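Coordinate analysis (summary)
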Amino acid sequence: MVDILRANQQNLKEAGKAIRRGELVAFPTETVYGLGADATNDAAVSAIYKAKGRPSNNPLIVHITTLDQAYSYGEFDDRAKKLAVKYWPGPMSLIVKRSANCPLSHLVSAGGDTVALRMPAHPISRQLLEAANVPVAAPSANISGGISPTLPAHVKQSLGDNIFMLIDGGACLLGVESSVISALPNQNVQILRPGSVDAAELSEFLAQPVDQIQNHKTSDENMISPGLLSRHYAPKSGLRMNVAEPHKNEAYLAFGAHPTSQYSLNLSPTKDLVEAAKNLFAMLHKLDDYCQQHNCTMAAAPIPNTGLGIAINDRLRRASAAK
Ligand code: AMP
Ligand code: MG
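Worth saying up front: this structure is predicted, and the values here are computed from it rather than measured.

Within the protein, the secondary structure is distributed over nine helices and 16 strands. Over its C-alpha atoms the protein spans a radius of gyration of 19 Å, differing by no more than 12% from the 20 Å that the globule rule assigns to 323 residues. Seen along its three principal axes, the alpha-carbon backbone of the protein occupies a region of about 60 × 50 × 35 Å. A separation of at least 24 residues holds for 65% of the contacts in the protein among residues at least 6 apart in sequence. Charge separation in the protein, taken as the distance between the mean sites of 30 positive and 28 negative side-chain charges, equals 3 Å.

Membership of the largest hydrophobic core comes to 48 residues, with the highest contact counts inside it found for W88 and L117. Here the element with the most residues in this core is helix α2 (residues 42–52); it accounts for five residues. Setting aside residues no more than four positions away along its own chain, W88 makes contact with I64, L67, A70, F76, L83, L94, L117, R118 and M119. Formed by 35 residues, the second largest nonpolar core is a distinct cluster that contains I147, L265, A301 and I312.

Overall, the coordinates contain nine salt bridges when judged by the stated rule. For the salt bridge of K97 with D113, the shortest nitrogen-to-oxygen distance reads 3.4 Å. Of the two residues, K97 is situated in strand β6 (residues 92–98) and D113 in the loop between β6 and β7 (114–118); the sequence distance between them amounts to 16 residues. For D113, a relative accessible area of 45% corresponds to the partly exposed category.

A word on the packing of aromatic side chains. In this structure the tally under the stated criterion is four aromatic pairs. With 6.2 Å between their ring centres and 70 degrees between their planes, F76 and W88 make a pair best called edge-to-face. With a gap of 12 residues between them, F76 in the loop between β5 (74–75) and α4 (78–87) and W88 in the loop between α4 and β6 connect regions that are remote in the sequence. When its relative accessible area of 7% is taken as the criterion, W88 is described as buried. Centroid distance Y263 to Y290: 4.1 Å. Interplanar angle 15 degrees. Geometry classified as stacked. Highlighted residues: Y263 in strand β15 (residues 263–266) and Y290 in helix α8 (residues 273–294), separated in sequence by 27 residues. Judged by its relative accessible area of 24%, Y263 falls in the partly exposed class. Members of the aromatic cluster, connected to one another through ring pairs, are Y71, F76 and W88.

Parameters and conventions
Residues numbered from 1 in each chain as written. Chains lettered and ligands numbered in written order. Predicted model: local features only at pLDDT ≥ 70, side-chain atom pairs only at ≥ 80, totals over all residues. Heavy atoms only, no water. Helix = DSSP H or I, 4+ residues; strand = E, 2+ residues; numbered from the N terminus. Rg over C-alpha atoms; globule rule 2.2 N^0.38 Å. Contact = heavy atoms within 4.5 Å. Lys, Arg positive; Asp, Glu negative; His and termini not counted. Charge placed at Lys NZ, Arg CZ, Asp CG, Glu CD. Core = buried A, V, L, I, M, F, W, Y, C linked by side-chain atoms within 4.5 Å. Buried < 20%, exposed > 50% of the residue type's maximum accessible area, 1.4 Å probe, protein only. Salt bridge = Lys/Arg side-chain N within 4 Å of Asp/Glu carboxyl O. Phe/Tyr/Trp six-rings, centres within 6.5 Å; stacked < 30°, edge-to-face > 60°.

Following this line, the structure appears as structure tokens:
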């Protein structure tokens, strides 16, 4: 079982060295815990796919610390630059064309000609990236398709046998993954995965249309972004969403005032979407464990479909999609 290490300077230095040696290191970001490896090292990147059981056609986000790095790995047109300058560091991943001499492993692009880049804001991620001194590919640190990790214990439970090091940064601040935004030439900017900014805000900022891409239904469709598959974030137990009145035997994920059920957790008693996003995955993990022990299923309260609520509903929809 992997050791959980405190995020002090010494450990982050060791973690940086480990990444440079090609090891897998799980670490906190402001969104969820990431499973990091040197993005220029084919063997290290392929170890990420193996540890997660991730299909090889699902590309990875590469984490960086400077705009110069971004501009050397990808082709940023004016729109992409505008987004990078405004939203980085922060919870936005930008998909751009790989540059002509891009040094990143082709595995991070799943063999395609685009790459997803993100500059995280979390001080521990930044210190780790600086210690590693290489770009770091880091998908969420969970078995592929499972619920995303927002606590070190989630990572340990899911990947503890398969990773070299786990840096403990406590609970992630935001709790839902980055927005994935495609800014490719000759097409509208597209939101492939909703996060903390919505299409209206981006469209106003760029003064041009921005498309919100809907979930793909099956793995057979021509996928823009395989992580958009309908069934993702799959808990082991069934989940119904938009449920105002849960059955007595359902474990309930409440929002605001809530009706009684045998077991419930409240995303936000005051209906605060920021608090709800932060609690989402940790509460899903707990409810799922409860249901596995008590042989029941889950229901989630209706969440307003605005702002972060769009991202929360997106994750709930995919957690509740039929197997
Ligand atoms: P995660 O693995 O949880 O970090 O999620 C990363 C998301 O970004 C997944 O939905 C991927 O499919 C998506 N993604 C990463 N790179 C690309 C890319 N080059 N083109 C399209 N989607 C991407
Ligand atoms: Mg993920």
